[in-house]
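Topology and contacts: notes
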Amino acid sequence: MTDTTETVQRQAAYTPRIHEVVNTLMDYALVLAIIYNSNSLWALADDNFSLSCFVLLAVCLAYMLCCWREARHRLHRVGSAMLVLVLATVIGQLVMAVSHGGSGYTDGIWFQYALIVPALMGCMLMRGHEYVRKVLLNRLVVVAAVFAAISVVLWAASSFLLLPPSHVERLSWVHNVPPIYSYADVYYNVQDAHVLGMTVWRNSSIFNEPPCAAAFYGMVLAIDLYIGKKVHWGADLCIIGALVTSLSTGGALYVLVLLVPLLWKAMLHVQRRGLRYALLSVAALVSIAAVVVGTHIVISKMATSYSGQTHLLDFTEGFRIWWQRPLTGFGFDSDEYIWTHYMSAYRDGMGYTSGLLFLLIHGGLVLALYMIVPFVLLVLGSHDWHVWYFAGFVMIVFITAPVQNCAFLLLVAVYGYASFIWRYSRRMSNLPLVARTPLTHEGSEGHA
């Protein structure tokens, strides 16, 4: 009898540990699936974007299944929220399909929006607000920082030590482009640049181009600095390194935009009045210098560089094309028309430099609002300036970078939808999944 009791007690002691291990493994699986579906060359090099969508959807479903035991008492609430979001996308798709002759149902972006976004929201709602902010987002930042650190090391080795690549990749969906040099598939050299008379690579990390890498790491840095419950400065330094070595104007501006407000915040909390005023003066000078330098860089790039001209013409011509059909756009099967009337007038190739313009051109306001609404909800549902600033920053990334099919942007949008539900449903904000996590003693509001 004693042996049986001890066995039961031992099993009861192991059960929480097993759940903790499973939760950890599923968190990292979800993070990797999101990165895979975020314009990574793992998916795009062999034209496996559709596969990356299915992988992310499958991981989301498995993730929710693992949460079922702890969240089964609120499954109907989670399911109802997911169903509303699915119906919203389906109705929007029907409106677009009718106006575009029934086309577009199989497009990858609609697959992401109609299925992956609700699935990601289900994962967040089943975990709860506390777990998402304190655990899941922290693990996401750590994984991204690991890739960022690897990219900085291999960028330096390949640019200055001439480290040879392990193999060469070519984009199967784009012709007449230079080869992509892969380093064990954990870092890729896609584009080079001329700096101080030298030719060096631009850090693309595992993504298809430096601007996409900068957009990804910029949003990760914003999450850690403004949303997560704990700031990981070591990880942030790795991420800042990846942003700077991307040699992207956007990457440099992201660093300035995200760090300057925190500089002011730190100065305002200095206790000694004289020292505080002196430091605030320094912060003011740094801020003014940052604005002047940033403005000069943007104007100079727009006026002289090919990339800057591309961005400027994308905005002017793209807005002109969208305005012809503002409600539903031209549809997902309209690339030939867009390339003829919009892109080939000033550049060759394919792609767009603004996620927002891409959605407006192809789906009009019907599609664009689907990504704008969650950021509006995020702002309206919070009194914390960190959240407002974060939402504004991500919208800037959305407007200036081609992130319309980046799963990480979808994750941020899902956080906006989920935050709205958490705010008005206290029972869905907290779950017992973080009982073994020491961070659970922190409050649910504010930012560390």
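See the structure printed just above.
Thresholds, definitions, all that
Residues numbered from 1 in each chain as written. Predicted model: local features only at pLDDT ≥ 70, side-chain atom pairs only at ≥ 80, totals over all residues. Heavy atoms only, no water. Salt bridge = Lys/Arg side-chain N within 4 Å of Asp/Glu carboxyl O. Helix = DSSP H or I, 4+ residues; strand = E, 2+ residues; numbered from the N terminus. Buried < 20%, exposed > 50% of the residue type's maximum accessible area, 1.4 Å probe, protein only. Expected span 1.5 Å × (residues − 1). Axes fitted to C-alpha atoms, helices over the stretch in contact; angles between N-to-C directions. Parallel < 35°, antiparallel > 145°, perpendicular 65-115°, else oblique. Left-handed = near helix turned anticlockwise from the far one by under 90°. Contact = heavy atoms within 4.5 Å. Nonpolar A, V, L, I, M, F, W, Y, C, P; charged D, E, K, R; others polar. Phe/Tyr/Trp six-rings, centres within 6.5 Å; stacked < 30°, edge-to-face > 60°. Lys NZ or Arg CZ within 6 Å of the ring centre and 35° of its normal. Patch = residues over 30% accessible without salt bridge, like charges linked within 9 Å, V, L, I, M, F, W, Y side chains within 5 Å. Areas by Shrake-Rupley, 256 points an atom, 1.4 Å probe, with all protein chains shown as cover. Pairing = 2+ DSSP bridges.

**Considerations on the pattern of salt bridges**
In this structure the tally under the stated criterion is 3 salt bridges. We note a salt bridge from Arg-139 to Asp-27, for which the minimum N-O separation is 2.5 Å. Here Arg-139 is found in helix H7 (residues 129-160), whereas its partner Asp-27 is found in helix H1 (residues 2-36), with 112 residues between them in sequence. Looking at Arg-139, the relative accessible area reads 18%, which means it is buried. Of the residues examined, Asp-27 reaches a relative accessible area of 0% and is grouped as buried. A cluster of three or more residues bridged by salt bridges with shared partners is formed by Asp-27, Arg-127 and Arg-139.

**Concerning helix H8 (residues 210-226)**
One turn of the α-helix equals 3.6 residues, which is why residues spaced by three or four share an orientation. When the terminal C-alpha atoms of H8 are compared, their 24 Å separation across 17 residues agrees well with the 24 Å that a helix rising 1.5 Å per residue should span. Counting buried positions along H8 gives 16 out of 17 residues, so the element sits mostly inside the fold.

**So, the packing of H7 against helix H9 (residues 233-245)**
Viewed as axis vectors pointing N to C, H7 and H9 meet at an angle of 45°, and their least axial separation amounts to 8 Å. Viewed along their axes, H7 and H9 adopt a mutual orientation that is oblique. Viewed along their axes, H7 and H9 form a crossing whose handedness is left-handed. Across from Val-141, Ala-145, Ala-148, Ala-149, Ser-151, Val-152 and Trp-155 in H7, the residues of H9 making contact are Ala-235, Asp-236, Cys-238, Ile-239, Gly-241, Ala-242 and Thr-245. Among the residues making up the contact of H7 with H9, the classes are represented as 10 nonpolar, 3 polar and 1 charged.

**Focus on the packing of aromatic side chains**
Evaluated as defined, the whole model comprises 19 aromatic pairs. Taking the centre distance of 6.3 Å and the plane angle of 75° together, the rings of Trp-385 and Tyr-389 count as edge-to-face. Taken together, the positions of Trp-385 and Tyr-389, both in helix H15 (residues 385-400) and 4 residues apart, correspond to about one turn of that helix. Among the aromatic residues, ring-to-ring pairing joins Phe-207, Phe-216, Tyr-217 and Phe-408 into one connected group. The side chain of Arg-127 reaches across the aromatic face of Tyr-131, ending 4.4 Å from its centre.

**Here's the deal with a nonpolar patch on the surface**
Together, Leu-83, Leu-87, Ile-91 and Val-95 make up an exposed nonpolar region whose accessible area comes to about 360 Å². Along the chain, the position of Leu-83 falls in helix H5 (residues 75-99). Leu-83 gets classed as partly exposed once you look at its relative accessible area, which sits at 49%.

**Looking at the sheet that holds strand E3 (residues 188-195)**
The strand order across the open sheet formed by 4 strands is E1-E2-E3-E4, and the pairing between neighbours is antiparallel. In this open sheet, the two strands that pair with only one neighbour each are strand E1 (167-169) and strand E4 (198-203). Averaged over all neighbouring strand pairs, the angle between strand axes comes to 50°, with direction disregarded. Along the sheet face, H7 touches E3 and E4 and points at about 160° away from the line of E4.

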